[in-house]
Amino acid sequence: MRSVFVFPRLDQVDTFAVLNALSPGQNAPWLVEDVLYCWLETEDGSLYRGWEQEADERLIPAIGHRPAWAIEIEVSGRVDGTEQLRRLVLTLLEHGGVVVDDYSDHAWTAGEIRAHTRYEGLTFFDFRGSYNRLI
(Lines give C-alpha, C1' and ligand atoms only; values in the text may rest on other atoms or scores of the structure.)
Protein backbone atom coordinates (compact mmCIF):
# COMPACT_ATOMS: atom_id res chain seq x y z
CA MET A 1 0.00 0.00 0.00
CA ARG A 2 1.06 3.57 -0.69
CA SER A 3 -0.16 6.31 1.62
CA VAL A 4 -0.72 10.02 2.10
CA PHE A 5 -1.68 12.12 5.11
CA VAL A 6 -4.26 14.86 4.53
CA PHE A 7 -4.38 17.80 6.92
CA PRO A 8 -7.60 19.56 5.88
CA ARG A 9 -8.58 22.98 7.15
CA LEU A 10 -12.05 21.55 7.81
CA ASP A 11 -12.70 20.31 11.33
CA GLN A 12 -13.10 16.59 12.02
CA VAL A 13 -16.92 16.65 11.93
CA ASP A 14 -17.02 18.28 8.50
CA THR A 15 -14.21 16.05 7.21
CA PHE A 16 -16.09 12.96 8.37
CA ALA A 17 -19.23 14.27 6.64
CA VAL A 18 -17.32 14.50 3.35
CA LEU A 19 -15.96 10.97 3.76
CA ASN A 20 -19.37 9.60 4.81
CA ALA A 21 -20.94 11.10 1.68
CA LEU A 22 -18.27 9.49 -0.52
CA SER A 23 -18.44 6.15 1.29
CA PRO A 24 -22.02 5.59 2.49
CA GLY A 25 -22.32 2.94 5.17
CA GLN A 26 -18.58 2.26 5.18
CA ASN A 27 -16.25 3.82 7.73
CA ALA A 28 -13.34 2.90 9.97
CA PRO A 29 -11.94 2.67 7.38
CA TRP A 30 -13.88 4.57 4.78
CA LEU A 31 -13.56 2.90 1.39
CA VAL A 32 -13.66 5.45 -1.43
CA GLU A 33 -13.85 4.48 -5.11
CA ASP A 34 -13.07 0.85 -4.16
CA VAL A 35 -9.31 1.53 -3.96
CA LEU A 36 -8.76 4.19 -1.27
CA TYR A 37 -8.83 3.23 2.40
CA CYS A 38 -9.19 6.23 4.72
CA TRP A 39 -9.13 6.66 8.48
CA LEU A 40 -8.41 9.16 11.20
CA GLU A 41 -4.90 9.24 12.63
CA THR A 42 -4.18 11.26 15.76
CA GLU A 43 -1.08 12.68 17.35
CA ASP A 44 -1.84 10.49 20.38
CA GLY A 45 -1.80 7.44 18.12
CA SER A 46 0.58 6.77 15.29
CA LEU A 47 0.22 9.92 13.17
CA TYR A 48 3.85 11.06 13.33
CA ARG A 49 5.47 7.70 14.05
CA GLY A 50 8.38 7.18 11.67
CA TRP A 51 8.34 10.72 10.26
CA GLU A 52 11.70 12.28 9.55
CA GLN A 53 12.50 15.71 10.97
CA GLU A 54 12.50 17.26 7.48
CA ALA A 55 8.84 16.30 7.02
CA ASP A 56 7.90 18.07 10.25
CA GLU A 57 9.97 21.09 9.27
CA ARG A 58 7.98 21.48 6.05
CA LEU A 59 4.55 20.63 7.45
CA ILE A 60 4.49 23.07 10.36
CA PRO A 61 5.24 26.23 8.34
CA ALA A 62 2.70 25.19 5.69
CA ILE A 63 -0.09 24.97 8.27
CA GLY A 64 1.18 27.23 11.04
CA HIS A 65 1.20 24.52 13.73
CA ARG A 66 1.66 20.78 14.21
CA PRO A 67 -1.79 19.29 13.59
CA ALA A 68 -3.23 16.90 16.17
CA TRP A 69 -4.95 14.76 13.52
CA ALA A 70 -4.99 13.85 9.84
CA ILE A 71 -6.80 11.58 7.47
CA GLU A 72 -4.52 8.80 6.30
CA ILE A 73 -5.35 7.44 2.87
CA GLU A 74 -3.86 4.20 1.63
CA VAL A 75 -4.02 3.29 -2.03
CA SER A 76 -4.39 -0.35 -2.95
CA GLY A 77 -1.29 -1.73 -4.62
CA ARG A 78 -3.44 -3.58 -7.16
CA VAL A 79 -4.30 -0.35 -9.03
CA ASP A 80 -2.57 2.87 -10.03
CA GLY A 81 -5.01 4.92 -7.91
CA THR A 82 -3.51 8.28 -8.83
CA GLU A 83 -6.66 9.82 -10.31
CA GLN A 84 -8.91 8.51 -7.53
CA LEU A 85 -6.49 9.86 -4.92
CA ARG A 86 -6.23 13.25 -6.62
CA ARG A 87 -10.03 13.58 -6.67
CA LEU A 88 -10.39 12.68 -3.00
CA VAL A 89 -7.49 14.84 -1.81
CA LEU A 90 -8.73 17.85 -3.79
CA THR A 91 -12.18 17.37 -2.25
CA LEU A 92 -10.74 17.21 1.28
CA LEU A 93 -8.55 20.27 0.61
CA GLU A 94 -11.34 22.31 -0.96
CA HIS A 95 -11.32 24.69 2.03
CA GLY A 96 -7.55 24.66 2.53
CA GLY A 97 -4.94 22.53 4.17
CA VAL A 98 -2.13 20.34 2.84
CA VAL A 99 -1.29 16.72 2.09
CA VAL A 100 2.00 14.85 2.54
CA ASP A 101 2.79 11.81 0.41
CA ASP A 102 5.28 8.94 0.73
CA TYR A 103 7.56 10.29 -1.98
CA SER A 104 8.62 13.76 -0.84
CA ASP A 105 8.80 15.85 2.31
CA HIS A 106 6.72 18.54 0.64
CA ALA A 107 3.39 19.71 2.06
CA TRP A 108 1.26 19.84 -1.11
CA THR A 109 -1.56 22.35 -1.52
CA ALA A 110 -4.60 21.82 -3.72
CA GLY A 111 -3.28 24.46 -6.15
CA GLU A 112 0.04 22.66 -6.51
CA ILE A 113 -1.70 19.34 -7.13
CA ARG A 114 -4.00 20.85 -9.77
CA ALA A 115 -1.04 22.55 -11.49
CA HIS A 116 1.11 19.37 -11.41
CA THR A 117 3.79 21.40 -9.63
CA ARG A 118 7.15 19.68 -9.23
CA TYR A 119 9.08 19.64 -5.97
CA GLU A 120 12.62 18.28 -6.20
CA GLY A 121 11.65 16.77 -9.56
CA LEU A 122 8.49 15.01 -8.34
CA THR A 123 4.80 15.82 -8.62
CA PHE A 124 2.24 14.89 -5.96
CA PHE A 125 2.06 11.11 -5.33
CA ASP A 126 4.72 10.52 -7.98
CA PHE A 127 5.50 6.89 -7.18
CA ARG A 128 6.75 6.27 -10.71
CA GLY A 129 9.17 9.21 -10.62
CA SER A 130 10.39 8.15 -7.20
CA TYR A 131 10.95 4.58 -8.40
CA ASN A 132 12.81 5.80 -11.51
CA ARG A 133 15.21 7.73 -9.26
CA LEU A 134 16.16 4.48 -7.56
CA ILE A 135 17.04 2.56 -10.70
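Residues numbered from 1 in each chain as written. Predicted model: local features only at pLDDT ≥ 70, side-chain atom pairs only at ≥ 80, totals over all residues. Heavy atoms only, no water.

What about the packing of helix α1 (residues 12–22) against helix α3 (residues 82–92)?
(1) Moving on: As a packed pair, α1 and α3 sit with axes 10 Å apart at the nearest point and diverge in direction by 145 degrees. The handedness of the crossing between α1 and α3 is right-handed. Residues Thr15, Val18, Leu19 and Leu22 of α1 lie in contact with α3, whose contacting residues are Leu88, Thr91 and Leu92.
(2) Moving on: A breakdown of the residues in the contact of α1 with α3 according to their chemical character gives five nonpolar, two polar and no charged. (Axes fitted to C-alpha atoms, helices over the stretch in contact; angles between N-to-C directions. Helix = DSSP H or I, 4+ residues; strand = E, 2+ residues; numbered from the N terminus. Left-handed = near helix turned anticlockwise from the far one by under 90°. Contact = heavy atoms within 4.5 Å. Nonpolar A, V, L, I, M, F, W, Y, C, P; charged D, E, K, R; others polar.)

What to know about the confidence of the model for the protein chain
(1) Moving on: Confidence along the protein chain averages 92 in pLDDT terms, with 97% of residues attaining 70 or more.
(2) Moving on: The secondary-structure element of the protein chain with the lowest mean pLDDT is helix α5 (residues 127–134), recorded at 75, while helix α4 (residues 110–114) shows the highest, at 98. (pLDDT = per-residue confidence, 0-100.)

Focus: the environment of aspartate 11
(1) Moving on: With respect to the helices and strands, the residue aspartate 11 is situated in the loop between β1 (2–8) and α1.
(2) Moving on: We classify aspartate 11 as partly exposed; its relative accessible area is 42%.
(3) Moving on: Spatially, the C-alpha atom of aspartate 11 lies 9.8 Å from that of tryptophan 69, the residues being 58 residues apart in sequence.
(4) Moving on: Engagement of the side chain of aspartate 11 in a polar contact is seen with the backbone nitrogen of valine 13, the distance being 3.3 Å.
(5) Moving on: Looking at aspartate 11, its side chain comes within polar contact range of the main-chain nitrogen of aspartate 14, at 2.8 Å. (Buried < 20%, exposed > 50% of the residue type's maximum accessible area, 1.4 Å probe, protein only. Polar contact = N/O pair within 3.5 Å; in protein donor to acceptor, adjacent residues only side chain to side chain.)

Some remarks on the pattern of salt bridges
(1) Moving on: Tallied over the full model, the rule gives four salt bridges.
(2) Moving on: Of the charged contacts, one joins arginine 66 and aspartate 56 as a salt bridge, the two residues approaching to 3.3 Å between their closest N and O atoms. Of the two residues, arginine 66 is situated in the loop between α2 (53–63) and β4 (69–75) and aspartate 56 in helix α2; the sequence distance between them amounts to ten residues.
(3) Moving on: For arginine 66, a relative accessible area of 33% puts it in the partly exposed group.
(4) Moving on: What you see here is one network of salt bridges that share partners, running through Glu43, Asp56 and Arg66. (Salt bridge = Lys/Arg side-chain N within 4 Å of Asp/Glu carboxyl O.)

Observations concerning the side chain of aspartate 101
(1) Moving on: Residue placement: aspartate 101 occurs in strand β5 (residues 97–101).
(2) Moving on: On the basis of relative accessibility, which here comes to 5%, the residue aspartate 101 falls in the buried class.
(3) Moving on: Here tyrosine 103 takes part through its backbone nitrogen, which lies 2.9 Å from a polar atom of the side chain of aspartate 101.
(4) Moving on: Side-chain polar atoms of aspartate 101 contact the side chain of tryptophan 108, separated by 3.4 Å.

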